[in-house]
Amino acid sequence: MNARRIGSVVACLALSGCSLFEGEGQVTLSVADAPVDGLDSVVVQFNRVTFVTDDDERESITFSPPQRVDLLEFTDGEHFALLADEPLPDGRYRKIEFRLDASADTTDSYVTEAGSDLQLSLDVPDEFEPQLTVSTDFTVDQDSSVDVTVDVDLRRSLFQDDDGTYELRPKLRAVLDDEVGSVGGTVSSGLLDNCSGPAVYAFSGSSVTPDDVDQAGVEPVNSAIVDTADGSYAIGFLEAGSYTLAFTCDADLDEPDASDDDVDFTRELNVTITADRASTQNIN
């Protein structure tokens, strides 16, 4: 991967721990995904990323060539590094902005439906481009490094119009890697009998009454599709704290642009997430 910096004088030499000049640290920026049903791939082409400080100073990095990422390959706590140990001026950063190549007229970004090799255009409509900005809060100090992951919640972000066009209306969440943990385990075979859309949703807070994805009210922080072969699931990039896990067989019916889908949650339980730790929670 080659990245071209805008606003920097020179590129950092390929030396471990190098810095452009005094007053600069490093950032590793990754992307991950909360998966969806019915698709084999969701490929997004990243053109540029911009870091914005408290003082509205902007540091942009253009990818040359653009970076294509199949988000469905980075679920269940996996992530893809768009930038690795990239030099970044010290300061406090409050926003990350992305520029994607995603249009209904091209297949720079595209999806493939389950069982098909046909690439279908993935479009970010003009009115949703501002949502390619995600709030964050991290500080880069001289000679320090920060790892940030941006989670693209496809279950809440991906829409299909009546004409079949796929649209990405981004729901993004940024976390610091050293402040998050994960939870995983197995769902009992009895719960998976005749189950068409098995998934586990994670809601922030204990004893939350779960709801479907409908852009209103209680929304899941993250989710995972259950592997019907062995009943396993894994949800990553959860900030430390209390969560409600809710299991459903109806995730395939959960349409993000419709309210009150017929999604029945058959098991609910509380779990505590600890930073930098993988917790186990089986669902019976």
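Please refer to the structure placed before this passage.
Below or above, wherever it landed, is the structure these notes cover. From a predicted model like this one, the values you see are computed outputs, not experimental measurements. (Residues numbered from 1 in each chain as written. Predicted model: local features only at pLDDT ≥ 70, side-chain atom pairs only at ≥ 80, totals over all residues. Heavy atoms only, no water.)

1. Here we look at the state of the cysteines
- Taken as a whole and assessed by the stated rule, the structure comprises one disulfide.
- Each disulfide pairs two cysteine sulfurs, and for Cys-195 the partner residue is Cys-249, the sulfurs being separated by 2.1 Å. When the S-S torsion is -115 degrees, as for the bridge of Cys-195 with Cys-249, the disulfide is left-handed. Of this pair, Cys-195 sits in the loop between α2 (189-192) and β15 (199-204) while Cys-249 sits in the loop between β18 (241-248) and β19 (265-273), placing them 54 residues apart in sequence. For the pair Cys-195 and Cys-249, one class covers both residues: buried. (Disulfide = S-S within 2.5 Å. Helix = DSSP H or I, 4+ residues; strand = E, 2+ residues; numbered from the N terminus. Buried < 20%, exposed > 50% of the residue type's maximum accessible area, 1.4 Å probe, protein only.)

2. Observations concerning empty space enclosed by the protein
- A full pass over the atoms with the stated rule returns two cavities of 30 Å³ or more.
- For the largest cavity, the calculated volume is near 90 Å³.
- Forming the walls of the largest cavity are Val-31, Val-44, Phe-46, Leu-71, Phe-98, Leu-100, Leu-132, Val-152, Leu-168, Pro-170 and Leu-172.
- Within the lining of the largest cavity, the residues separate by chemical class into eleven nonpolar, no polar and no charged.
- Estimates place the volume of the second largest cavity at around 60 Å³.
- Forming the walls of the second largest cavity are 17 residues, and the residues nearest its centre are Asp-33, Asp-76, Gly-77, Asn-222 and Gly-236.
- Of all the secondary structure elements, the ones that give two or more residues to the lining of the second largest cavity are β2 (24-34), β16 (222-225) and β17 (232-239).
- Of the residues forming the lining of the second largest cavity, the biggest block, four residues, is contributed by β17.
- Its residues placed into classes, the lining of the second largest cavity shows eight nonpolar, five polar and four charged. (1 Å grid on protein atoms, 1.4 Å probe; cavity = no way out; pocket = protein on both sides within 12 Å on 5 of 7 lines; lining within 4 Å. Points joined across faces, edges and corners; volume = space filled by probe spheres on them. Nonpolar A, V, L, I, M, F, W, Y, C, P; charged D, E, K, R; others polar.)

3. Points about the nonpolar core
- By size, the foremost hydrophobic cluster in this structure holds 42 residues, and its most contacted members are Phe-51, Ile-96, Phe-98 and Phe-138.
- Ranked by the residues each element gives to this core, the list is headed by strand β3 (residues 39-53), at six residues.
- Discounting chain neighbours no more than four positions away, the residues touching Ile-96 are Leu-29, Val-49, Thr-50, Phe-51, Leu-132, Thr-133, Val-134, Thr-136, Phe-138, Val-148 and Val-150.
- Counting 20 residues, the second largest nonpolar core, distinct from the first, contains Val-183, Val-200, Tyr-233 and Tyr-243. (Core = buried A, V, L, I, M, F, W, Y, C linked by side-chain atoms within 4.5 Å. Contact = heavy atoms within 4.5 Å.)

4. With respect to the layout of surface pockets
- In this structure, the largest pocket occupies an estimated 340 Å³ of space.
- In this structure, the largest pocket is lined by 17 residues; those nearest its centre are Asp-37, Leu-158, Asp-254, Glu-255 and Pro-256.
- Of all the secondary structure elements, the ones that give two or more residues to the lining of the largest pocket are α1 (154-157) and β11 (158-160).
- When residues in the lining of the largest pocket are grouped by element, the largest group, three residues, is from β11.
- When its residues are assigned to classes, the lining of the largest pocket shows eight nonpolar, two polar and seven charged.

5. Things to note about the pattern of salt bridges
- Taken as a whole and assessed by the stated rule, the structure comprises ten salt bridges.
- As a salt-bridge pair, Arg-155 and Asp-37 come within 3.2 Å of each other at their nearest N and O atoms. With Arg-155 in helix α1 and Asp-37 in the loop between β2 and β3, this residue pair connects regions lying 118 residues apart in the sequence.
- A salt bridge links Arg-94 to Asp-56, with the shortest nitrogen-to-oxygen separation between them at 2.0 Å. (Salt bridge = Lys/Arg side-chain N within 4 Å of Asp/Glu carboxyl O.)

6. What to know about the sheet that holds strand β5 (residues 80-89)
- Ordered in space as β5-β2-β10-β13, the four strands form an open sheet in which the pairing is mixed. In this open sheet, the two edge strands, each paired with only one partner strand, are β5 and β13 (172-176). Between one strand axis and the next, the sheet turns through 25 degrees on average, direction left out of account.
- With nine bridges connecting them, β2 and strand β10 (residues 145-153) associate as parallel partners. From the neighbouring strand, Ala-32 faces β10, where its bridge partner is Asp-151. (Pairing = 2+ DSSP bridges. Axes fitted to C-alpha atoms, helices over the stretch in contact; angles between N-to-C directions.)

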